[in-house]
Every structure is written in C-alpha cells, then in structure tokens.
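Summary of structural features
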Amino acid sequence: MIAGALGQILTGLTALRVNPLRAVAFTAFGLFWLSLLAIEVLPSAGYGQSPGPLSQAGYFAMWGCSA
C-alpha cells in the first residue's frame, strides 16, 4: 500500500508540467492512501487512538468532497 501510494505521488509530480489536472489527482489519491494507512497503523503501534465511526465517516466525507 505504501509503494502504491508513493507511486501515485511520484506519477503526479512527474505529470505536473504536462497535465496539471492529472498531477493534482494522482498526488491527492496517493496522499489519501498514505493518510488512510496512517489512521489504521499508528493507533495499533501505540500512537493515538483509533477513530470512532463518526470520525471515520467525517474523514471519508472530507476526502470525498475534495476529490
């Protein structure tokens, strides 16, 4: 998942001069996957707490509105 997210971010950055819309989309989706991974992994590693269902729904709604 990390490799796929980093691949999307790198693809977005390389497409910056050619097609800015593609660059924004790929970079945003790569950052989405990294943030989703952080939400799932960091609480199990002892950093913070797992989000509740309402917080998780708000997270997905914010990403859905921005994409």
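Read on for a plain summary of the structure. Keep in mind that what you see is a predicted model, and the values were worked out from it rather than measured. (Residues numbered from 1 in each chain as written. Predicted model: local features only at pLDDT ≥ 70, side-chain atom pairs only at ≥ 80, totals over all residues. Heavy atoms only, no water.)

1. Remarks on the environment of serine 50
As a reminder of what qualifies: Under the scheme used here, helices are H or I runs from DSSP no shorter than 4 residues and strands are E runs no shorter than 2 residues, and both carry numbers assigned from the N terminus.
Here serine 50 lies in the loop between helix 2 (20-44) and helix 3 (53-66). For the pair formed by serine 50 and glutamate 40, sequence separation is 10 residues and the distance between their alpha carbons is 7.4 Å.

2. A closer look at the packing of helix 1 (residues 2-14) against helix 2
To keep it simple, the criterion reads: Here, axes are lines fitted to C-alpha atoms. For helices the fit covers the stretch in contact, and angles between N-to-C directions go from 0 to 180 degrees. When describing relative orientation, an angle under 35 degrees is termed roughly parallel and one over 145 degrees roughly antiparallel, while 65 to 115 degrees is termed roughly perpendicular and anything else oblique. Put simply, a crossing is left-handed when the front helix is turned counterclockwise from the back one by less than a right angle, and right-handed when it is turned clockwise. Contacts between residues were defined by any pair of non-hydrogen atoms, one from each residue, lying within 4.5 Å. Charged means Asp, Glu, Lys or Arg here, nonpolar means Ala, Val, Leu, Ile, Met, Phe, Trp, Tyr, Cys or Pro, and polar covers whatever is left, Gly included.
Running from N to C, helix 1 and helix 2 cross one another at 155°; their axes reach a closest spacing of 7 Å. Considered as vectors, helix 1 and helix 2 are oriented roughly antiparallel to each other. Handedness of the crossing formed by helix 1 with helix 2: left-handed. Every residue of helix 2 that contacts helix 1 at Ile2, Ala5, Leu6, Gln8, Ile9, Thr11, Gly12 and Leu13 is listed here: Ala23, Phe26, Thr27, Phe29, Gly30, Leu31, Trp33, Leu34 and Leu37. Looking at side-chain class alone, the contact of helix 1 with helix 2 contains 12 nonpolar, 5 polar and no charged residues.

3. Concerning the packing of aromatic side chains
Inclusion rule: Note on ring pairs: Phe, Tyr and Trp rings are taken, using the six-membered ring of Trp, and paired if centres are within 6.5 Å. Classes follow the plane angle, with under 30 degrees stacked, over 60 edge-to-face and the rest tilted. Buried residues are those whose accessible area, probed at 1.4 Å on protein chains only, stays under 20% of the maximum for their type, while exposed residues exceed 50% and partly exposed ones sit between those limits.
All chains considered together, the criterion is met by 5 aromatic pairs. Their ring planes at 20° and their centres at 6.2 Å tell us that phenylalanine 32 and tyrosine 59 sit as a pair that is stacked. With phenylalanine 32 in helix 2 and tyrosine 59 in helix 3, the pair connects residues that are 27 residues apart, well separated along the chain. Side by side, phenylalanine 32 and tyrosine 59 carry an identical accessibility label, which is buried. Centroid distance phenylalanine 32 to phenylalanine 60: 6.4 Å. Interplanar angle 55°. Geometry classified as tilted. Of the two residues, phenylalanine 32 sits in helix 2 while phenylalanine 60 sits in helix 3, which places them 28 residues apart along the sequence. Classification of phenylalanine 60 as partly exposed rests on a relative accessible area of 38%. Through a chain of ring-to-ring contacts, the aromatic side chains of Phe32, Trp33, Tyr59, Phe60 and Trp63 assemble into a single cluster.

4. Details of the side chain of glutamine 56
Mapping glutamine 56 onto the fold places it in helix 3. With near-sequence residues (within four places) excluded, glutamine 56 lies in contact with Leu36, Ile39, Glu40 and Pro51.

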